[in-house]
Amino acid sequence: MIPGAARLLLIDGVALLRPEEQVFTAMLTGFANQQLARNLAQTTVEGRENTVKAFAAYVNTHPWHWTPAMVDEWLGDLRSPRDLKRSTVRSYSEAVRAFCHFVTDPLYEWTATCEERFGTHPVQVVHEWNTAVHVQDNESDPKKRAFTKAELHAFFAHCDDEVARIRAFGRKGWLPAFRDATLFKTAYAYGLRRNETRMLDAADFGRNPHGAEHGEYGRCQVRFGKAKKGSPPKRRSVLTVFGWSADVLDEWFTEVRPLFGTDSNPALWPSERGARIGCQRLNSRFIAYRKALGLDDGWTSTRCEGRTSPT
C-alpha cells in the first residue's frame, strides 16, 4: 500500500463519530505522508497543510464539496482586499492544486472512500484558467534593488556605530550587535542567503591555494544552500574576493566569538539563548537598521530563503 492511501488511515467497516471531520483529517495526514515519501521538506509539507486548512475554513466545507468558483472567490479575496503578492497567491493555489491532485488520484482511493461515505467525491478545482502562470524566473517586487555603494557604506558604518554606542554604555548587548554586524558583512562578501549565512559553522572556512593572501579565510563552504524539490540542501564553495572580509572574520574568530562561550558550539553565529542565531533575530536587526537609515521597504528581510544583502 502506497503512503497516503485511504486504507492505511481509515479502517473499512468502522463507523466514525464525526465522519466528515475525521475523513478530512485523514486526507491531510495522507497528503503529508505522500509528500514526505517524496523527500519534500517538513516546512513545505506543513505550509501546504496550513494553506489547505485555511481554504477549507474560508469556504466552510469539505474537499468533496469544493468547486472552482470557491477557488476564484478565495484567490480574489487574497489579491484584492488583502493585497497579497502574486507569488504568494500562486503558492497558495498550487498547495490546493497539489492536495486535490492527491485526493483525486485513484491510486490513493480517496474518491472511492468519499463516494461510499458521502455519496460524492472530490474533484480538481484548480485549473489553468483560474490560477496565475509562473512565466518569469524572477518575480521579486520591482521596488527591490541592490544597495548603492554609498548606501552599503552607510549600512555597514551604522552596524559598527551601534556596537560602539552600546559598548560605551557598558551594556552586554554589544556582543550580539558585533555578531550581527559581522554576519551582515559576511553575507554580503560571499553572496549568501539568510539561511545559508546563519547555518554556517566555524569549520566552514578554509584556505584557498590560489588566494594565499586571505589566510585561513580564503574559502567559504556553504552546506545549507537552497534545495531543489525533494533534494537535500545544496552545497557549494565560495571563494573570498574582498580583502577586507578576511580581516573582519579574523577579528570575529580571535577576539569576539570566544566571548560567547563557544567551546562546544560549532555554530559560526552563536545566540545568547541557544546554539545558533535564528531567522527572526536576523530579520528584526536588519529591519531596525534599515529604518534607522531611512531606507524604504524595498530592502526587506522577511523570509529565510531570501538574501541578507538587499537584492
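Cut-offs and rules
Residues numbered from 1 in each chain as written. Predicted model: local features only at pLDDT ≥ 70, side-chain atom pairs only at ≥ 80, totals over all residues. Heavy atoms only, no water. Helix = DSSP H or I, 4+ residues; strand = E, 2+ residues; numbered from the N terminus. Expected span 1.5 Å × (residues − 1). Buried < 20%, exposed > 50% of the residue type's maximum accessible area, 1.4 Å probe, protein only. Patch = residues over 30% accessible without salt bridge, like charges linked within 9 Å, V, L, I, M, F, W, Y side chains within 5 Å. Areas by Shrake-Rupley, 256 points an atom, 1.4 Å probe, with all protein chains shown as cover. Salt bridge = Lys/Arg side-chain N within 4 Å of Asp/Glu carboxyl O. Lys, Arg positive; Asp, Glu negative; His and termini not counted. Charge placed at Lys NZ, Arg CZ, Asp CG, Glu CD. Pairing = 2+ DSSP bridges.

Trainee: What exactly am I supposed to notice about helix α10 (residues 243-256) here?
Mentor: Note that an α-helix has 3.6 residues per turn; residues three or four places apart therefore point the same way. Its 14 residues place the ends of α10 20 Å apart at the C-alpha level, agreeing with the 20 Å of an ideal helix rising 1.5 Å per residue. Looking at α10, one finds that the buried residues are Ser 245, Ala 246, Val 248, Leu 249, Trp 252, Phe 253 and Val 256.

Trainee: Just to check I follow, could you spell out a negative patch on the surface for this structure?
Mentor: On the surface, a cluster of negative charge is contributed by Asp 247, Asp 250, Glu 251 and Glu 255. Take Glu 255: it is sitting in helix α10. In this structure Glu 255 comes out as exposed when scored by relative accessible area, which is 52%.

Trainee: Whenever I open this one, the sheet that holds strand β3 (residues 234-239) confuses me. Can you help?
Mentor: Hydrogen bonds between backbone groups are what pair the strands of a sheet, and the pairing can be parallel or antiparallel. The strand order across the open sheet built from 3 strands is β1-β2-β3, with neighbouring strands paired in antiparallel fashion. The strands lining the two open edges of the sheet, one partner per strand, are β1 (205-206) and β3. As paired strands, strand β2 (residues 219-225) and β3 are joined by 5 bridges and run antiparallel to one another. Among the inter-strand pairings, Gln 221 is bridged to a residue of β3, identified as Ser 237.

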